[in-house]
Amino acid sequence: MASLKELTHRPDLLTGGHRLCAGCGASIAVRQVLLGANAPVVACSATSCLEVSTTPYPYSAWKTPFIHNAFENAAATIAGVEAAYRALKRKGKIDKDVKFVAFGGDGGTYDIGLQSLSGAMERGHNMVYVCYDNGAYMNTGIQRSSATPFGASTTTSPAGKMVPGKLQWRKDLAAIVADHCVPYVAQASVSHWKDLVEKAEKAFAVDGPAFLNVLAPCPRGWRFPNEKTIELAKLAVQTGYWPLFEVEDGVWRLSFKPKDLKPIAEWLKLQGRFKHLFKPGKETLLEEYQRLVSNKWQRLVERCEAGQPSLVSG
Amino acid sequence: MARTVAMTGNIGCAYAMKQINPDVVAAYPITPQTTIVEEFANYVANGEVDTEYINVESEHSAMSACIGASAAGSRVMTATSSQGLAYMWEQLYIASAMRLPIVMHNVNRALSGPINIHCDHSDSMGARDAGWVQLFSENAQEAYDNTIMAIRIAEDPSVRLPVMVLLDGFIVSHAIDRFDLLDHAVVREFVGEHRPVNPLLDLDNPVTLGSFSLPPYYFEQKRQLRAALDAARQVVKEVFDAYAAISGRRYDFFETYRLDDAEVGMVVLGSTAGTARYAVDVLREKGVKVGLLKLRLFRPFPARGVARALSHLKAVGVMDRSDSFGAEGGPVYTETKSALYDLDKKPAVVGYIYGLGGRDTGPTQIERVVEDLINVAGGETIKSPVYLGIKE
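Keep in mind that this is a model prediction, so the values were computed, not measured. (Residues numbered from 1 in each chain as written. Chains lettered and ligands numbered in written order. Predicted model: local features only at pLDDT ≥ 70, side-chain atom pairs only at ≥ 80, totals over all residues. Heavy atoms only, no water.)

S.K.: Residue-level account of the overall build of chain A, with values.
M.R.: Helix and strand content of chain A: 12 helices and 8 strands. Taking 20 Å as the expected radius of gyration for a compact globule of 314 residues, we find that chain A reaches 19 Å, a close match to that expectation. Principal axes of the C-alpha set define a box for chain A whose edges measure 70 × 50 × 40 Å. Counting the 314 residues in chain A, one finds 58% classified as buried. Sequence separation of 24 or more characterises 70% of the internal contacts of chain A that already satisfy a separation of 6 or more. In the form shown here, chain A has an accessible surface area of approximately 12,500 Å², with 53% of it arising from carbon and sulfur atoms. Charged side chains in chain A number 38 positive and 29 negative. The centres of these two groups are separated by 5 Å. (Helix = DSSP H or I, 4+ residues; strand = E, 2+ residues; numbered from the N terminus. Rg over C-alpha atoms; globule rule 2.2 N^0.38 Å. Buried < 20%, exposed > 50% of the residue type's maximum accessible area, 1.4 Å probe, protein only. Contact = heavy atoms within 4.5 Å. Areas by Shrake-Rupley, 256 points an atom, 1.4 Å probe, with all protein chains shown as cover. Lys, Arg positive; Asp, Glu negative; His and termini not counted. Charge placed at Lys NZ, Arg CZ, Asp CG, Glu CD.)

Dropping the structure here:
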């Protein structure tokens, strides 16, 4: 894998001057993933903060070919680009080796784009799909998605007198994609840049579809100061809310295993979207939260320690 | 050499696709289109084409992948029907806005609900404002010819728009018809090499497609789309001429039949033209001065030509195989009536809705229309729309 020094010499394909917020995790995720391509790459984005903020006509922050089609179909769109590449390469009309990557937020990936993603993964296109997961529909103003954490207050799952924010646990998208028997799936975080770039390199290197689920904190949606993005991403990993793992040819492996998990409350208390959980009388909710995180973590550890592929690709 | 065959309309369309040999086909099965993509899948399986065939998981992804593949710089085709076209609706507008020359068959089928698999035009009429060229086919010959011509129209530098080739579900798609095929080499030379404009795969000249366009730009971009569709009229004419030179079959925006000396006339789309032509002959035998205008190009609508062709009539009956609920009549009726408005001496116009959900439309129904038109020519008024062959 490339050293930090080598990475600094790779071109930045998403240039500065885009209109994403200060402290936005999405642009960090995209830049780190693109460093891992290390080859000509065509990028696609679902409708999202990323798309509207990087392509306000007539400007573009993309220094590599880029296409945005619609909200739910980044996977199908890049699949079409990749198919065209294969056809034209076979006919000798293109000679370069080109990589293909699609980016989507959690709304565009876990929810409305799930069918398109599933189809593209199953068909085996040589492409990387990256979900930058900030846990809500941030572009439209912080609405709940199936990636929103339990207990988070969003504009469509507000914490009220009777309902303490979102009542459901996050969908385990990486596991769902892994069950498509694709060669590479990983979960990563913008806080662990080396891990993320290495995973991106692996994702681009495999022959076939790869999926990366990258935690990308959102200061506006999570309600924390702009400068704490990396701290929040790191705590999500250290508390076990966002484990780092990879599934290579069906074999599950933890990328980071702390000796002891930090209490989930340490991550929750820094975010305004969870502040109602810290009001008097909500102690049982916090206990339930910790139980859920610990159980999910334990199940993941067991899955990884089993050392046997649950499903083998090919 | 060109040869005469007996094939269904769908197989004829698939065969034209084989001759065109597109780079990418992304498609999803739906009745009555399915036999097109099945037949094409056979060509792929047998190595008769060089196409990358994407078996997508939905029509939405079919058009999404077509957009990606066309934007990448490849020649792209697909096919659908009814619910599939409706499911693509969002993508139809994006394809035309990106000026992507995708060619798609839509085998006309009624829209749900209630669910029905048979022919009417409500699916493609729902897409008439999407910025696509729409070419209708009366029979398998026209469906085959339109497929080949559509490539040239779509890819013309002054057009660069997607084209929809329409054929009536089951009536044209599944009936075996006798028609003529061109040689592979003639078709390949006619469609030529695809020359994409600003493709994504030109890595040395990176482009951004599908930008976020705000009020200072969006309006002009849509205005340019209209300009391109208007320019398509001239290109369609040129391609029709070029095609006549290789096939001997001469097409126009519309075809008239015994209309020149007629007093009343009908406007139809698609396969019903055959029935109407037969009815015109029967009525002409009886001395009735009736004629027919069969539209081939619905988008862009050839308004001036249609108005000129109908201007001498006393009454016109416009046949719509789809309804536009809440409007004065079906879409062909409102287009035709609007086209006639600028004439000093206008024919009376009656709108007919017929054949929804595959209801059979025979010569008796056409004769009923002509009877009405003769009465209207004589001064009677008939309120539109009239529902033909309905039980009420």
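S.K.: Account for the interface of chain B and chain A, naming residues and giving values.
M.R.: Contacts between the two partners involve 44 residues from chain B and, on the opposite side, 44 residues from chain A. In this assembly, chain B packs against chain A so that about 3,300 Å² is buried in total across both faces, 59% of it on carbon and sulfur atoms. For the pair chain B and chain A, the number of links is 6 salt bridges. On the surface where chain B and chain A come into contact, there are 21 residue pairs in polar contact (both at pLDDT 80 or more). (Buried area = accessible area lost by both parts, 1.4 Å probe. Salt bridge = Lys/Arg side-chain N within 4 Å of Asp/Glu carboxyl O. Polar contact = N/O pair within 3.5 Å; in protein donor to acceptor, adjacent residues only side chain to side chain.)

S.K.: Kindly report on the environment of P302 of chain B, identifying the contributing residues and their values.
M.R.: Residue and element names in this part refer to chain B. Summarising the element assignment, P302 is placed in the loop between β13 (297-299) and α11 (303-310). Relative accessible area serves as the criterion here: at 3%, P302 is assigned to the buried category. For the pair P302 and V282, spaced 20 residues apart in sequence, the C-alpha separation works out to 29 Å. Those residues in contact with P302, other than ones at most four positions away along the chain, are R233, F253, F254, L295 and L297.

S.K.: Tell me about unusual backbone geometry, and please be specific about residues and values.
M.R.: Cis geometry marks the peptide bond from S112 of chain B to G113 of chain B; its omega dihedral reads 5 degrees. One can find G113 of chain B in the loop between β5 (103-108) and α6 (122-125). The step from R299 of chain B to P300 of chain B runs through a cis peptide bond, and the omega angle for that step is -5 degrees. Mapping P300 of chain B onto the fold places it in the loop between β13 and α11. One non-glycine residue, C181 of chain A, lies in positive phi territory at about 60 degrees. Position of C181 of chain A among the secondary structure elements: in the loop between α7 (173-178) and β5 (184-189). Positive phi is not limited to glycine here, since N198 of chain B has a value of about 50 degrees.

S.K.: Go over the sheet that holds strand β3 (residues 52-55) of chain B, please, and point to the residues and values.
M.R.: All names here are of chain B. Spatially, 7 strands are ordered β3-β2-β4-β5-β7-β6-β13 in an open sheet, and the strand pairing comes out mixed. Since the sheet does not close on itself, it has two edges, and those belong to β3 and β13, each with one partner. The sheet shows a mean angle of 20 degrees between the axes of neighbouring strands, taken without regard to direction. In this sheet, strand β7 (residues 163-168) lies alongside β5 in parallel orientation, the contact comprising 6 bridges. In the sheet register, H105 faces β7, and the bridge partner there is V165. Its contacts with the sheet put helix α3 (residues 59-72) on β2 (24-27), β3, β4 (76-80) and β5, and the angle it makes with β4 is roughly 165 degrees. (Pairing = 2+ DSSP bridges. Axes fitted to C-alpha atoms, helices over the stretch in contact; angles between N-to-C directions.)

S.K.: Which residues make up the packing of helix α1 (residues 9-20) of chain B against helix α2 (residues 34-45) of chain B, and what are the values?
M.R.: Residues and elements named next belong to chain B. For the pair α1 and α2, the least separation of the axes is 8 Å and the interaxial angle reads 40 degrees. The angle between α1 and α2 places the two elements in the oblique class. For the element pair α1 and α2, the recorded crossing hand is right-handed. Seen from α1, the contacting residues are N10, I11, C13, A14, Y15, M17 and K18; seen from α2, they are T35, I36, E39, F40 and Y43. Considering only residue class, the contact of α1 with α2 consists of 8 nonpolar, 2 polar and 2 charged. (Parallel < 35°, antiparallel > 145°, perpendicular 65-115°, else oblique. Left-handed = near helix turned anticlockwise from the far one by under 90°. Nonpolar A, V, L, I, M, F, W, Y, C, P; charged D, E, K, R; others polar.)

S.K.: A description of the packing of aromatic side chains should follow, citing residues and the corresponding values.
M.R.: Scanning the entire structure with this criterion turns up 24 aromatic pairs over all chains. A ring pair is formed by Y144 of chain B and F179 of chain B, whose centres lie 6.1 Å apart and whose planes are at 50 degrees; its orientation type is tilted. Remark: F179 of chain B occurs in strand β8 (residues 176-181) and Y144 of chain B occurs in helix α7 (residues 140-155); sequence separation between them is 35 residues. Assessed through its relative accessible area of 0%, Y144 of chain B is described here as buried. The class of F179 of chain B is buried, set by a relative accessible area of 2%. An aromatic cluster of three or more residues is present, and its members are F150, W169, W222, F224, Y241, W267, F274 and Y289 of chain A. The ring of F190 of chain B is capped by R152 of chain B, whose NZ or CZ atom sits 4.3 Å from the centre of that ring. (Phe/Tyr/Trp six-rings, centres within 6.5 Å; stacked < 30°, edge-to-face > 60°. Lys NZ or Arg CZ within 6 Å of the ring centre and 35° of its normal.)

S.K.: Can you lay out the packing of helix α4 (residues 74-90) of chain A against α3 of chain B for me, pointing to particular residues and giving the numbers?
M.R.: One can describe the packing of α4 of chain A onto α3 of chain B by two numbers: an axis separation of 6 Å at closest approach and a directional angle of 45 degrees. Relative to α3 of chain B, α4 of chain A is oriented oblique. The two elements α4 of chain A and α3 of chain B cross, and the hand of that crossing is right-handed. From α4 of chain A, A76, T77, G80, V81 and A84 of chain A reach across to α3 of chain B, where they touch S61, S64, A65, G68, A69 and A72 of chain B.

S.K.: Can you break down the sheet that holds strand β3 (residues 99-105) of chain A residue by residue, with the values?
M.R.: Overall, mixed pairing links the 9 strands, which are arranged β8(A)-β7(A)-β5(A)-β6(A)-β4(A)-β3(A)-β1(A)-β2(A)-β9(B) in an open sheet. With partners counted over all chains shown, the strands left at the sheet margins are β8 (251-254) of chain A together with β9 (208-209) of chain B, one partner each. Inspection of the sheet shows strand β1 (residues 41-45) of chain A paired to strand β2 (residues 66-68) of chain A by 3 bridges, in the parallel sense. When the sheet's bridge partners are listed, A43 of chain A is paired in β2 of chain A with F66 of chain A. Sitting on the sheet, helix α2 (residues 25-37) of chain A touches β1, β3, β4 (128-133) and β6 (210-215) of chain A, and the angle it makes with β3 of chain A is about 165 degrees.

S.K.: For the environment of H174 of chain B, give the residues involved together with the corresponding values.
M.R.: All names here are of chain B. Turning to its location among the elements, H174 is positioned in the loop between β7 and β8. Sequence separation of H174 and L111 is 63 residues, and the distance between their C-alpha atoms is 19 Å. Those residues in contact with H174 that lie beyond four places of it in its chain are T8, N10, P32 and T35.

S.K.: Before we move on, can you summarise the state of the cysteines with the specific residues and values?
M.R.: Summed over the entire model, instances satisfying the criterion amount to 0 disulfides over all chains. Free of any disulfide, C49 of chain A has its nearest neighbouring cysteine sulfur in C218 of chain A, separated by 6.5 Å. (Disulfide = S-S within 2.5 Å.)

S.K.: For the confidence of the model for chain B, give the residues involved together with the corresponding values.
M.R.: Model confidence for chain B is summarised by a mean pLDDT of 97, while 100% of its residues fall at 70 or above. With a pTM of 0.97, the predicted complex shows an ipTM of 0.97. (pLDDT = per-residue confidence, 0-100.)

S.K.: Please give an account of a nonpolar patch on the surface that cites residues and values.
M.R.: A contiguous nonpolar surface patch, about 340 Å² in accessible area, is contributed by M162, V163 and L167 of chain A. Take M162 of chain A: it is sitting in the loop between β4 and α7. (Patch = residues over 30% accessible without salt bridge, like charges linked within 9 Å, V, L, I, M, F, W, Y side chains within 5 Å.)

S.K.: Just give me the short version of the domain arrangement of chain B, but keep the residues and values in it.
M.R.: All names here are of chain B. Once the domains are mapped, chain B shows domain 1 (3-247) and domain 2 (254-387). For domain 1 versus domain 2, the distance between C-alpha centres works out to 28 Å. With 27 residues of domain 1 in contact, the opposing surface of domain 2 contributes 26 residues. Note on domain 1 versus domain 2: buried area summed over both sides is about 2,100 Å², and carbon and sulfur give 55% of it. Of all residues in domain 1, R128, F136 and E138 bury the most surface against domain 2, accounting for 29% of the area lost on that side. (Domains from an automatic or database assignment.)

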